[in-house]
Amino acid sequence: MGTPEFAVPYLKSLLNNDFEIVGIITQPDKPTGRKQIISIPPVKAVAIQNNIRIFQSEKLKTDTKIIEELKSLEPDLTVVVAYGQIIPQAILNIAKLGNINVHPSLLPKYRGASPIQNAILNGETKTGITIMLMDAKMDHGPILAQKELLLAGNEDNESLHKIMSDNSSTNFLIETIKKFISNQIAPTIQNDEQATYCQLISKEEAKINWHKSAQIISNQIRAFYPWPTAWTTLSKKRVKIFPPVNITDGHTLAGKIIINNDKFLIGCNDQLLEISELQIEGKNKIKAKDFILGNKDIIDQSFE
RNA sequence: CGCGGGGUAGAGCAGUAGCAGCUCGCCAGGCCCAUAACCUGGAGGUCGUGGGUGCGAAUCCCACCCCCGCAA
């Protein structure tokens, strides 16, 4: 079970390791983009290419038809990677050996919808991947294995997603499954007292407050890329700020723009933030250096 | 018919009817111990496409194409 691009490498690794995949469950096709064109989830596209049976439902819990069909397939194991919906107990009861979930955080920390984004947002120095057995509560079941990843502080949401679905990560899943089905793993119960939770990201969180510290703003810019993208305003126009960004020493008014040796610096509460790419509403994304060329009067203006 | 911004030199932009410009980059030369610095010169444009109005259109009118912000 899975839906977005993040789940695709995991599905492919299962395919490449001679597991018999009797079917995939993915979210329904949804309209995306400015023109609201109906598009299929990335996982579904891979399933089509590989002639895998596909199940899609708005609400699995009440979809008795799909539940019966899944039962008839008699799966041994269910693997869930970023499905995007709460999975009802009726589905979890189907697979004989159980249900394995890949969760991109070091559980019990960052249970919930946006573990990668929130690890960056909170400036964590390490995070990781947890492979666990699922139970009725979200991200709560016993842990089979964990893989730690150290963060350098320049990761963004997109790059960290890629790292967490690279070959090393997908191999980690495959190895864990193999050990699990041959009874080499004793699942570890999670310590609920240490649990933290994260909600879906909202667009409201992505507005930059220049009165905060450069570190916090850097975290925001990286955590919210490529969606919803951290933004501010200049002369009442919306301006998106993209990673990478760089924190440097110095001080000026919050939001004030300084140009120094072609560097585009912005005042924060404590230090300065150097930005590399930005986008004014209605325009394409451009490099900060190019923006300066066409906007010589930008000096001494301020982001709001 | 959801709301809105935009398309001008390789890049970023200015230019609301009268010789198509600015900054950067690029090429050549110069200066310098030297340089991403500085000086001189140069190349590079179907002003998104098609039509219309005008003596004259990047500029005004009509249609279309493409890019983007909001919203979803």
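Residues numbered from 1 in each chain as written. Chains lettered and ligands numbered in written order. Predicted model: local features only at pLDDT ≥ 70, side-chain atom pairs only at ≥ 80, totals over all residues. Heavy atoms only, no water.

Focus: helix H8 (residues 214-223)
This is how the line gets drawn: Think of it in three bands: with a 1.4 Å probe and only protein chains considered, a residue is buried below 20% of the maximum accessible area for its type, exposed above 50%, and partly exposed in between. What counts as a helix is a DSSP run of H or I of at least four residues, what counts as a strand is a run of E of at least two, and both are numbered from the N terminus.
The element H8 is extensively covered by neighbouring structure, given that eight of its 10 residues are classed as buried. Of the positions making up H8, those classed as buried are Ala214, Ile217, Ser218, Asn219, Gln220, Ile221, Arg222 and Ala223.

Quick look at the nonpolar core
Note the threshold: Here the nonpolar core consists of buried residues drawn from Ala, Val, Leu, Ile, Met, Phe, Trp, Tyr and Cys, with membership extended through side-chain atoms lying within 4.5 Å. The domain boundaries here were taken from an automatic or database domain assignment. Here, two residues are considered to be in contact whenever any of their heavy atoms come within 4.5 Å of each other.
Counting 37 residues, the largest nonpolar core has Ile100, Ile131 and Leu173 as the members making the most contacts within it. Among the secondary structure elements, those contributing two or more residues to this core are helix H1 (8-16), helix H2 (42-49), strand S5 (77-81), strand S6 (98-103), helix H5 (115-121), strand S8 (126-133), strand S9 (143-150) and helix H7 (167-181). A total of five residues in this core trace back to one element, the largest contributor, which is H7. Two domains share this core, each providing at least three of its residues, namely domain 1 (5-198) and domain 2 (203-298). Setting aside its immediate chain neighbours within four residues, Leu173 contacts Tyr10, Val79, Ile100, Val102 and Ile131. Core analysis: the next-biggest nonpolar cluster, separate from the first, contains 23 residues, Trp210, Ile241, Val245 and Cys268 among them.

Some words on the pattern of salt bridges
Proximity of charged atoms lets side chains of opposite charge pair with each other. Where we set the bar: A carboxyl oxygen of Asp or Glu within 4 Å of a side-chain nitrogen of Lys or Arg is what we treat as a salt bridge.
Within this structure, the stated rule accounts for 10 salt bridges. Among the ionic contacts, a cluster of salt bridges with common partners joins Arg53, Lys65 and Glu69.

Considerations on unusual backbone geometry
The peptide bond linking Tyr225 to Pro226 adopts the cis configuration, its omega dihedral lying at 5°. Considering the arrangement of structural elements, one finds Pro226 in the loop between H8 and strand S11 (231-234). Positive phi, close to 55°, is recorded for Asn51, a residue that is not glycine. With respect to the helices and strands, the residue Asn51 is situated in the loop between H2 and strand S4 (54-56).

Structural notes on the sheet that holds S9
Stated precisely, the cut-off is as follows: For two strands to be treated as a pair, DSSP must find at least two bridges joining them. Think of each axis as a best-fit line through the C-alpha atoms, taken over the contacting stretch in the case of a helix, with angles from 0 to 180 degrees between the N-to-C directions.
The strand order across the open sheet formed by four strands is S5-S6-S8-S9, and the pairing between neighbours is mixed. Edge positions in the sheet fall to S5 and S9, since each has one partner strand and no second. Averaged over neighbouring strand pairs, the angle between their axes works out to 15° when direction is ignored. One ladder, built from four bridges, connects S6 with S8; its direction is antiparallel. If you follow Ile100 over to S8, its bridge partner there is Leu133. On top of the sheet, H7 reaches S5, S6, S8 and S9; it is set at about 160° to S9, its chief contact.

Let's talk about the domain arrangement of chain A
What counts, and what does not: Here the buried area means the combined drop in accessible surface, using a 1.4 Å probe, for two parts upon being joined, counting both sides. Here a polar contact means two N or O atoms within 3.5 Å. Within protein one must be a hydrogen donor candidate and the other an acceptor candidate, and residues neighboring in sequence count only if both atoms are side-chain atoms.
What the domain assignment lists for chain A is domain 1 (5-198) and domain 2 (203-298). Computed over C-alpha atoms only, the centres of domain 1 and domain 2 are separated by 34 Å. Counting residues at the interface gives 11 residues for domain 1, matched by nine residues for domain 2. By the criterion of area lost to domain 2, the three top residues of domain 1 are Leu121, Asp156 and Glu158, representing 50% of everything that side buries. Viewed at the interface, domain 2 and domain 1 are joined by five residue pairs in polar contact (both at pLDDT 80 or more). Of all the secondary structure elements, the ones that give two or more residues to the side of domain 1 that touches domain 2 are H5 and helix H6 (157-163). Residue contributions to the side of domain 1 that touches domain 2 peak at three residues, all from H5.

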